[in-house]
Amino acid sequence: DGDSLSVLPAADRAIQSLAGGIVNEVETGALAWSNELALHVIEMKTNGPVRALTGLHQAFQGDVTRLNALLTPLGGRLMPTAMHPWMDPERETRLWPHDDSTIYRTFDRIFGCQGHGWSNLQSMHINLPFADDDEFARLHAAVRLTMPLMPALAASSPVMDGRLTGLLDNRLEVYRDNCRRVPSVSGRIIPEPAYSRQAYETEILQRIYRDMAPLDPAGVLRHEWINARGAIARFERNTIEIRVLDTQECPAADIAVAALVVEVVRALTEERWCGRRHLQKWDSGSLQRLFLQCVRHADLAVIDDDDFRAAFGFPERGPRRARDLWQHLIETLMIPHPDLPAPWQEAYRLYLRRGSLARRIAGALGNTPAPDQLKATYRRLCDCLGQGTLFDG
């Protein structure tokens with residue numbers, strides 16, 4: 001809502017304003033918009049795969065401007081970050097009621113979608129392609145190893161229920177527990193070390209389908225997208241979809257994060273710092289422990305595993321902050337590029353100077369922010385999204 005900044009369940013009306021009718025997806029040129037489970041969330045995505053990320057932040061920023069203009073007559077505006085800071089999901093959740101509503105009703109019947117982990121979360125997805133089992137094995141190992149570090153880079157959800165909770169990535173904290181009725185659906189968020197399609201389908205997907213069958217006898221949710229791990233194999237399009245990155249304050253920051261993650265994963269698949277056997281040796285439990293540290297502390301999480309840091313080419317021994325490891329990766333993989341876009345450089349410099357967006361938001365709010373202070377800070381964040389500028393806190 002443009003005045004109160006409370007959630008406005010108007011995604012269908014915004015899409016209708018552009019498409020002339022209520023549809024699940026509308027193409028805008030290079031991009032497309034589509035519905036999500038909650039009626040106050042709209043997904044923006046590339047209209048098919050792209051070969052490079054350069055220039056994409058301008059395309060997304062253009063569509064942000066366009067969508068904000070459509071929301072203005074509806075009394076709304078777009079808000080960034082990965083969670084609405086004071087939404088009451090028990091009271092305010094409205095599910096998408098149009099096409100595909102059977103899927104959402106089934107999710108709601110089985111899991112109950114009136115909670116933060118379902119209706120109050122926004123993330124950035126990256127789909128990375130593979131051609132065959134060999135590429136899948138390399139890519140899955142590289143993504144698994146990088147996942148624990150991603151909240152340290154991208155956390156943007158320090159506020160929930162109108163207060164700072166002490167965690168910097170509340171979205172991932174509530175997300176990892178939203179399928180507790182059927183634990184195999186999300187597992188440990190870090191996926192199991194499955195390195196072929198057959199192994200993945202046997203060890204992960206078939207187990208989910210078996211566990212879901214008594215609750216979903218019609219098989220409405222019997223698709224690979226029911227898998228709620230933080231990175232999932234999408235064999236229907238031969239990609240691995242990364243889901244653990246919080247949405248940032250503007251498209252330039254989002255694409256800078258995406259570009260960095262892509263280059264880190266690429267370097268690992270190419271065995272730049274360690275061989276395939278070393279990449280594949282990590283069990284989900286040890287990776288999850290580090291992941292949870294980064295969910296709580298983001299860029300200041302302590303990484304005390306020399307072997308883990310060495311897998312990313314980090315030269316020093318002894319405990320280091322996650323931000324130190326990301327600084328090493330930024331300086332190694334991104335800064336040397338002669339054509340690195342200026343907005344990405346600015347985003348990296350701000351991260352290294354002031355930390356994750358979640359830390360900057362928390363710093364702007366102080367320890368016990370009053371409602372007016374919360375509203376003023378998140379209005380600034382809305383302005384950052386609308387204007388395409390970074391939030392320095």
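Quantities reported herein were computed from a predicted structural model and do not represent experimental measurements. (Residues numbered from 1 in each chain as written. Predicted model: local features only at pLDDT ≥ 70, side-chain atom pairs only at ≥ 80, totals over all residues. Heavy atoms only, no water.)

Chemist: Explanation requested: the packing of aromatic side chains in the structure shown.
Modeler: Here the distance between the centres and the angle between the planes together describe a pair of aromatic rings. A complete count under the given rule lists 11 aromatic pairs for this structure. Seen in terms of ring centroids, Tyr200 and Phe235 are 5.6 Å apart; in terms of plane orientation they differ by 80°. Their pairing is edge-to-face. Here Phe235 lies in the loop between strand 7 (231-234) and strand 8 (239-246) and Tyr200 lies in helix 9 (residues 197-212), a separation of 35 residues in the sequence. Overall, the relative accessible area of 0% leaves Tyr200 in the buried class. Judged by relative accessible area, which is 6%, Phe235 ranks as buried. Joined through ring pairs, the aromatic side chains of Phe107, Phe111, Trp118 and Trp225 make up one cluster. Note that Lys281 overlies the ring of Trp282, its terminal NZ or CZ placed 5.0 Å from the centroid. (Phe/Tyr/Trp six-rings, centres within 6.5 Å; stacked < 30°, edge-to-face > 60°. Helix = DSSP H or I, 4+ residues; strand = E, 2+ residues; numbered from the N terminus. Buried < 20%, exposed > 50% of the residue type's maximum accessible area, 1.4 Å probe, protein only. Lys NZ or Arg CZ within 6 Å of the ring centre and 35° of its normal.)

Chemist: Teacher, can you tell me more about the sheet that holds strand 3 (residues 42-46) here?
Modeler: Pairing between the strands of a sheet comes from backbone hydrogen bonds, and it takes one of two forms, parallel or antiparallel. If you walk across this open sheet you meet the 3 strands as 1-2-3, and the pairing is antiparallel. The open sheet has two edge strands with one neighbour each: strand 1 (25-27) and strand 3. Within the sheet, the average angular offset between the axes of one strand and its neighbour, ignoring direction, is 20°. Bridge count between strand 1 and strand 2 (residues 31-35): 3 bridges; the pairing is antiparallel. (Pairing = 2+ DSSP bridges. Axes fitted to C-alpha atoms, helices over the stretch in contact; angles between N-to-C directions.)

Chemist: How do you make sense of the environment of Thr102 when you look at a structure like this?
Modeler: With respect to the helices and strands, the residue Thr102 is situated in helix 4 (residues 101-111). Only 3.3 Å separates the side chain of Thr102 from the side chain of Arg105, close enough to count as a polar contact. (Polar contact = N/O pair within 3.5 Å; in protein donor to acceptor, adjacent residues only side chain to side chain.)

Chemist: What's the story with helix 17 (residues 371-387) in this structure? I'm lost.
Modeler: Given 3.6 residues per turn, any residue in an α-helix points the same way as the ones three and four places further on. Over its 17 residues, helix 17 runs 24 Å from end to end, which matches the ideal 24 Å to within 8%, given 1.5 Å per residue. Of all the residues in helix 17, the buried ones are Leu374, Thr377, Tyr378, Leu381, Cys382, Cys384 and Leu385. Along helix 17, the residues classed as buried sweep out an arc of 155° about the axis, all on the same side. Turned more than 90 degrees away from the buried face of helix 17, the exposed residues are Asp372 and Gln387. At its buried positions, helix 17 is contacted by helix 2 (56-71), strand 5 (159-160), helix 10 (251-269) and helix 16 (357-365). With its phi angle positive at about 75°, Gly388 sits one or two positions after the end of helix 17. (Expected span 1.5 Å × (residues − 1). Arc of directions from axis to C-beta. Contact = heavy atoms within 4.5 Å.)

Chemist: Hey, could you run me through helix 12 (residues 284-297) in this one?
Modeler: Under the 1.5 Å per step criterion, the end-to-end length of helix 12 is 20 Å for 14 residues, consistent within 8% with the ideal 20 Å. Those residues of helix 12 lying buried are Ser284, Gly285, Leu287, Gln288, Leu290, Phe291, Cys294 and Val295. Here helix 12 starts with a cap whose side-chain oxygen sits 3.0 Å from the backbone nitrogen of Gly285, and that cap is Asp283.

Chemist: Honestly, the nonpolar core in this entry has me stumped. Any pointers?
Modeler: If you look at soluble globular proteins, the nonpolar side chains tend to sit buried side by side. Of all hydrophobic cores here, the largest spans 113 residues; its most connected members are Phe308 and Phe312. In terms of residues, this core owes the most to one element, helix 10, which gives 14 residues. The next biggest cluster of nonpolar side chains, apart from the first, holds 11 residues, and it includes Leu5, Leu365, Leu374 and Leu381. (Core = buried A, V, L, I, M, F, W, Y, C linked by side-chain atoms within 4.5 Å.)

Chemist: Would you take a moment to explain the sheet that holds strand 8 for this structure?
Modeler: In space, the 3 strands of this open sheet follow the order 4-8-7, with antiparallel pairing throughout. Each edge of the open sheet carries a strand with a single partner, namely strand 4 (123-129) and strand 7. Each strand of the sheet is rotated relative to its neighbour by a mean of 25°, with strand direction disregarded. As paired strands, strand 4 and strand 8 are joined by 6 bridges and run antiparallel to one another. Bridge assignment links Met124 to a residue of strand 8, and that residue is Leu245. Those strands touched by helix 10 are strand 4 and strand 8, and its axis lies near 35° from that of strand 4.

As far as function goes, none of this settles anything; it's purely spatial.
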